[in-house]
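# Structural features, examined
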Amino acid sequence: MPNLKDLKTRINSVKSTQKITSAMKMVAAAKLRRAQEAAESGRPYAARMSAVIASLATKTDRSSASPLLVGRADDKTHLLVIMSADKGLCGGFNGSIARTARKLIAEKQASGHKVLVYVVGRKAGVALGSEIADIVFSRIEGVQGSHMTFGNASEIGQKIIDGFEAETFDSVSLLYNRFVNAITQTVTHTSLIPAEVEATEETIADGLTASYEYEPDEAEILSALLPRNLATQIFSALLESSAAELAARMTAMDNATRNAGDMIDRLTLVYNRTRQANITNELIEIISGAEAL
Amino acid sequence: MAETTQLELVTPARVMLSKSVEMVVIPGSEGLFGVLAHHAPVLANLQRGVVEVHEGGKIIDRIMIDGGVADVTENGVTILAERAENLDTASSQEVRERALASTGADAEFLTIVAEAL
C-alpha cells in the first residue's frame, strides 16, 4: 500500500509539471499567431517569384539554360537540406523530419547516389546522430524564431550555390515541415536544384501570348533571379517550419496538460482511498482493542 | 484624373505597397524607366535605387530598393525586392540604429538608406 506522504509528493510534482506545460502551451499559442502572420505575409513574394521564374523558364532554351534551373546531366551527389527545430518538446515534429530524412537518404543511396546533408536546426541532427556524421556538408543553428531574417536565408542559399558551383554536389532538395493549420503539419520535400518550376496552364498560356520585353535579356535576368529564388524558397520554408514548430508544440503541450490533469485525478483518487483505508484500519484497531478488554 | 496602373512592391517579409498609381519610376539595371498605364509588358532587372511614385506631377512616395526585379504586365507593375525602405516614413535615426543591429548586406543597405534620408 503506497503511503500518503509519497502520494502527496507525487501529486504536487505532477501539478507543477502541468503548470509548466500549460505555460508553454500559452507561450506557443501567442508566438504562433505572429509566426503564422509572418508565414502568410511571406507567401506573396514567394508566389510571384515562382511565377516570374516559371514564365521565364518556359521561354528559355533548356539546353543552354543555367544548371541552377535545369540541373546537371551527371547527377552523382545529392545534397539534402534537413530543416528541423532548435528546441524539442514539440511532439512528433522533429521525429517525423528525422524519419523521412533517413528514408530519403536510404533511397538515394540505394539508387547509386552519394548523399550529403545540410542540417538546419539542431534537433534533427541530434536525432540522426552518428548515421549522418560522415556525410554532413554543413550545419547551422539559431536561424529560426524571432531572430530569423531574409539575410539568414540568403546565407544558407549562398552556401548551397557555392557548393554547387564547386561541384561538391549536383542536385539539392529541401525537407521541412509545412504549416497547414494549427493541428496539421506536413513533411514536405521539394527540389531546389534543379528548380522546381510549376508550369501551370496559366503561366504557359501567359508565356505564349505575352510579348515580353526583357531588360537586359532573358538569360541575364534568369541568372540574377535563380539565386534569389533559392534564398526565397529557403526563407519561406524557414517561416513555414517556424510556424509549424509552434503549432506542433502547442498541440503537444495541450495534450501534456490534459494528461497531467488525468494523472492528478487518478492519483487523487488513490490518495483518498488510501486515506480512507488508513482511517478504517485505525478504527478497527481501536474497536478490537476495546472489545478485547 | 489620369488613367492609373496597379503598383505592388513586395519584399520577402510583406507586401510593402499596393495601390493604383499614375506613374512609377523604376531604377532598371539599364537605367531609370517610367511606367504609365498600358505600358508594354517588360521584365527588368533592377539595381539599387529609388522607386518614385508620381501623382499629379508630384512625387508622393519614395522607396529605396536594393535591387530586384520588376514585372510589368497589362494588369500592373510588380516589383520584387529583397530589401526596401520607405524614404518618406522612415527616420534617419531609427534606420541608423537598425543598421547597427544587423549584419552583412542588410547593414550595408540600411547605412545607405540612412545617408539618403
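Computed from a predicted model, the values in this text were never measured in an experiment.

Domain annotation for chain A reports domain 1 (4-23 + 252-288) and domain 2 (32-250). Computed from C-alpha coordinates alone, the two centres of domain 1 of chain A and domain 2 of chain A are separated by 49 Å.

In this section: unusual backbone geometry. With an omega of -5°, the peptide bond between Ile193(A) and Pro194(A) qualifies as cis. In this structure, Pro216(A) follows Glu215(A) across a cis peptide bond, with omega equal to 0°. The residue Pro216(A) is located in the loop between strand E6 (213-215) and helix H7 (218-292) in this model. Phi is positive for Leu89(A), which is not a glycine, with a value near 55°. With respect to the helices, strands and loops of the structure, Leu89(A) is situated in the loop between strand E1 (77-83) and helix H3 (93-110). Located in the positive-phi region is His38(B), a residue other than glycine, with phi close to 60°. Within the element layout of this structure, His38(B) appears in the loop between strand E4 (31-35) and strand E5 (42-55). Here His38(B) falls in the exposed class, since its relative accessible area comes to 67%.

A few words on the interface of chain B and chain A. If you look at the interface, chain B gives 29 residues, while chain A gives 24 residues. Buried area between chain B and chain A, both sides added, is near 2100 Å², and the carbon and sulfur share of it is 60%. Of all residues in chain B, Pro12(B), Leu43(B) and Glu82(B) give up the largest surface area on contact with chain A, accounting jointly for 30% of the area buried on that side. At the boundary of chain B with chain A, the tally comes to two salt bridges. Here Arg228(A) makes a salt bridge to Glu82(B), at a shortest N to O gap of 3.1 Å. At the boundary of chain B and chain A, one finds eight residue pairs in polar contact (both at pLDDT 80 or more).

All right, on to the side chain of Asn152(A) then. Position of Asn152(A) relative to the elements: it lies in helix H5 (residues 150-165). The contacts of Asn152(A), once residues within four sequence positions are left out, are Val143(A) and His147(A).

The strands making up a sheet associate through backbone hydrogen bonding, with each pair oriented either parallel or antiparallel. All names here are of chain A. One open sheet accounts for five strands, arranged E3-E2-E1-E4-E5; its pairing is mixed. Of all the strands in the sheet, the pair left with one neighbour each is strand E3 (136-140) and strand E5 (185-193). Averaged over all pairs of adjacent strands, the angle between their axes in this sheet comes to 20°, without regard to strand direction. As paired elements, strand E4 (residues 171-179) and E5 share eight bridges and run antiparallel to each other.

Glancing now at empty space enclosed by the protein. Considering all chains together, one arrives at two cavities of 30 Å³ or more under this definition. In this model, the largest cavity occupies a volume close to 50 Å³. Lining the largest cavity we find Leu68(A), Ile161(A), Leu192(A), Ile193(A), Ala195(A), Leu226(A), Pro227(A), Asn229(A), Leu230(A) and Gln233(A). Sorting the residues of the lining of the largest cavity by element identifies E5 and H7 of chain A as the ones contributing at least two each. The greatest single-element share of the lining of the largest cavity, amounting to five residues, is contributed by H7(A). For the lining of the largest cavity, a count of residues per class yields eight nonpolar, two polar and no charged. Each pocket or cavity is described by its volume, and for the second largest cavity that value is around 30 Å³. If you go around the second largest cavity, the residues you meet are Gly42(A), Tyr45(A), Ala46(A), Thr232(A), Phe235(A), Ser236(A), Leu239(A) and Pro12(B). Sorting the residues of the lining of the second largest cavity by element identifies helix H1 (4-59) and H7 of chain A as the ones contributing at least two each. The greatest single-element share of the lining of the second largest cavity, amounting to four residues, is contributed by H7(A). Classifying every residue of the lining of the second largest cavity gives five nonpolar, three polar and no charged.

So, on to the pattern of salt bridges. Residue and element names in this part refer to chain B. Counted under the stated rule, the structure contains 18 salt bridges over all chains. Ionic pairing is found between Arg48 and Asp66, a salt bridge with its closest N-O pair at 2.7 Å. Here the residue Arg48 occupies a position in strand E5, and Asp66 occupies one in strand E6 (residues 58-73), the gap between them amounting to 18 residues. Among the residues examined, Arg48 registers a relative accessible area of 33% and is labelled partly exposed. Owing to a relative accessible area of 14%, Asp66 belongs among the buried residues under this scheme. Note that Glu94 and Arg98 form a salt bridge whose closest N and O atoms lie 3.5 Å from each other. Of the two residues, Glu94 and Arg98 are both situated in helix H1 (residues 92-101); the distance of four residues between them amounts to about one turn of the helix.

About the cut-offs
Residues numbered from 1 in each chain as written. Chains lettered and ligands numbered in written order. Predicted model: local features only at pLDDT ≥ 70, side-chain atom pairs only at ≥ 80, totals over all residues. Heavy atoms only, no water. Domains from an automatic or database assignment. Helix = DSSP H or I, 4+ residues; strand = E, 2+ residues; numbered from the N terminus. Buried < 20%, exposed > 50% of the residue type's maximum accessible area, 1.4 Å probe, protein only. Contact = heavy atoms within 4.5 Å. Buried area = accessible area lost by both parts, 1.4 Å probe. Salt bridge = Lys/Arg side-chain N within 4 Å of Asp/Glu carboxyl O. Polar contact = N/O pair within 3.5 Å; in protein donor to acceptor, adjacent residues only side chain to side chain. Pairing = 2+ DSSP bridges. Axes fitted to C-alpha atoms, helices over the stretch in contact; angles between N-to-C directions. 1 Å grid on protein atoms, 1.4 Å probe; cavity = no way out; pocket = protein on both sides within 12 Å on 5 of 7 lines; lining within 4 Å. Points joined across faces, edges and corners; volume = space filled by probe spheres on them. Nonpolar A, V, L, I, M, F, W, Y, C, P; charged D, E, K, R; others polar.

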